[in-house]
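The residues making up each chain are set out below.
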Amino acid sequence: MGEGRVEVFYGGVWGTICNGGWDTQDANVVCRQLGFSRGHAVTTTQFGEGVGVTWMNNVGCRGSESRIQDCTFSGWGASECHHSRDAGVMCSGAVSKPIRLVGGVTPNQGRVEVYYSNVWGTVCDDGWTREDADVVCKQLGYVRSANVKPRAHYGQGSGHIWMSNVRCSGSESHLHDCPFDGWGQASCRHTEDVGIFCEGYSEENPVVLRLTGNSNKNQGRVQVYFGNTWGSVCDSNWDIHDGHTVCRQLGYDKALSIRTGTHYGSDSSTVWMDNVQCTGFKRRLQDCNFSGWGVKASHCTSSRKAGVYCSGSISETFDVRITGGRTNNTGRVEIRHQGWFYKCNSFPSFVQTSRDWPYLDG
């Protein structure tokens, strides 16, 4: 079990959450974000009072969100709560992954933490290389590392420093498969906590599109599923070529027009893509040039959202294959959607409604 006062890292500073409206749905999101399966909300100060800023108040999670910051709340720092009202959680259930990234502005970056002996701890940056970072990123479902961030770039952790002098070759499946000094044998301080920035996507962390903010499924605000989280696209340099790519990826013929600003409503979710520039005949938006996952300009606010109006009917045909059998005419049936194959009776977790995957209508 993991329990304690909930704190979030925003603007380079750790802060607390006020317990206004704090409930089980909010606790479940926090605990899943930390790797547990469920949570219990604590509204008393049994875990002590925090200090400094209170970052969030009136949190209202539906329970399906991947991160607490994806839930509705009053706004960063928009709280007059005293620390006697700091929210806490009691998490339970098995930790789904014994490794996580903490303190980054997007899920694909942050301080590396590992779960050992029922406690989360950090990793020292002594001897840390790109090969070590690649192993972590692949373990988390990304393709590779983009950057290594030493010296507590994403803030200092607390408690145990579990690993030091990690020496991965790059072929390992898990960080703990790499040679290192031994659990808890580090002579480092938390000023040397290592962080990484991952890039790419895999079947575990796919990139998928949907249109929201309109009752018609062929038009709306463009949202991108990356890092297990739905986010938006900033409208910087958004043009008809980008719109054509989105529509083709969703199965339509082309874009009839594009929309910018709040035409299809505002969106406070993570801005995954900015300055998208699709040239030529791109089939997927992620194949176009853009600033980088989660990298956005300061003007990309909740009112600067890319939208599109698609035309042409969605094709009712699918790419289909049979795989895994002993002969070429037997095996498991799989269909392709936006670049990946899935078992027909096991759709990915991000496909929740026919709006997320229009092919499923009827």
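Residues numbered from 1 in each chain as written. Predicted model: local features only at pLDDT ≥ 70, side-chain atom pairs only at ≥ 80, totals over all residues. Heavy atoms only, no water.

Q: I would appreciate a short explanation of helix α2 (residues 130–139) in the present structure.
A: In an α-helix, one turn spans 3.6 residues; hence positions three or four apart end up facing the same way. When you tally the buried positions in α2, you get seven out of ten residues, the bulk of the element. Listed in full, the buried residues belonging to α2 are Asp132, Ala133, Asp134, Val135, Val136, Cys137 and Gln139. Residues of α2 that are buried sit in contact with β7 (99–103), β8 (109–116), β10 (144–149) and β12 (195–199). (Buried < 20%, exposed > 50% of the residue type's maximum accessible area, 1.4 Å probe, protein only. Helix = DSSP H or I, 4+ residues; strand = E, 2+ residues; numbered from the N terminus. Contact = heavy atoms within 4.5 Å.)

Q: Help me understand the sheet that holds strand β6 (residues 88–92) in this model?
A: One key point about sheets: their strands pair by backbone hydrogen bonds, in either a parallel or an antiparallel sense. The strand order across the open sheet built from three strands is β1-β6-β4, with neighbouring strands paired in antiparallel fashion. Among the strands making up the open sheet, the edge pair consists of β1 (2–5) and β4 (38–42). The mean angle between the axes of side-by-side strands here comes to 15 degrees, regardless of whether they run parallel or antiparallel. With four bridges joining them, β1 and β6 adopt antiparallel strand pairing. In the strand pairing of β6, Glu3 is matched with Met90. Across the face of the sheet, helix α1 (residues 24–33) comes into contact with β4 and β6 while running at roughly 130 degrees to β4. (Pairing = 2+ DSSP bridges. Axes fitted to C-alpha atoms, helices over the stretch in contact; angles between N-to-C directions.)

Q: What is the right way to read the nonpolar core from this model?
A: Note on soluble globular proteins: their nonpolar side chains tend to be buried together. Core analysis: the largest hydrophobic core is formed by 45 residues, its most contacted members being Leu175 and Leu285. With four residues, α2 is the single largest residue contributor to this core. Among all residues touching Leu175, those that are not within four sequence positions of it are Ile99, Val114, Val123, Trp128, Asp132, Val135, Val136, Gln139, Met163, Val166 and Cys168. (Core = buried A, V, L, I, M, F, W, Y, C linked by side-chain atoms within 4.5 Å.)

Q: Just to check I follow, could you spell out the state of the cysteines for this structure?
A: In a disulfide, the sulfur atoms of two cysteines are covalently bonded to one another. Overall, the coordinates contain nine disulfides when judged by the stated rule. A disulfide bridge connects Cys18 with Cys81, and the sulfur atoms are separated by 1.9 Å. A torsion of -70 degrees about the S-S bond marks the disulfide between Cys18 and Cys81 as left-handed. Here Cys81 lies in the loop between β5 (54–56) and β6 and Cys18 lies in the loop between β3 (13–17) and α1, a separation of 63 residues in the sequence. Neither residue differs from the other here; Cys18 and Cys81 are each classed as buried. A sulfur-sulfur distance of 2.1 Å marks the disulfide that ties Cys278 to Cys288. Here Cys278 and Cys288 share a disulfide; its torsion about the S-S bond, 100 degrees, makes the bridge right-handed. A residue pair is termed long-range when its members are at least 10 positions apart, and Cys278 in the loop between β17 (271–273) and β18 (307–311) and Cys288 in the loop between β17 and β18 qualify at ten residues. Taking the relative accessible area as the measure of exposure, Cys278 reaches 5% and is therefore buried. Residue Cys288 is classed as buried on the basis of its relative accessible area, which comes to 5%. (Disulfide = S-S within 2.5 Å.)

Q: How should the sheet that holds β3 be read in this particular structure?
A: One open sheet holds the three strands; their spatial order is β2-β3-β5, and the pairing between them is mixed. Each end of this open sheet is capped by a strand with a single partner; those strands are β2 (7–10) and β5. Along the sheet, successive strands turn relative to each other by an average axial angle of 55 degrees, direction set aside. The sheet contact formed by β3 and β5 spans two bridges and is parallel.

Q: Honestly, the pattern of salt bridges in this entry has me stumped. Any pointers?
A: Two side chains that carry opposite charge are able to pair once their charged atoms sit near each other. Applying the stated rule across the entire model yields seven salt bridges. In the salt-bridge network here, residues are joined through shared partners; they are Arg100, Arg111 and Glu113. (Salt bridge = Lys/Arg side-chain N within 4 Å of Asp/Glu carboxyl O.)

Q: I'm lost on the pairing of strand β15 (residues 229–233) in this one. Help?
A: The two faces of the sheet receive side chains in turn, since in a regular strand these alternate between them. Within β15, five of the five residues are buried, which leaves it mostly tucked inside the rest of the structure. Summarising the sheet, strand β14 (residues 219–226) and β15 pair through four bridges and their orientation is antiparallel. Counted as the bridge partner of Gln223 is Ser232 from β15. Sheet topology note: the β15/β17 ladder contains two bridges and is parallel. If you follow Ser232 over to β17, its bridge partner there is Val271.

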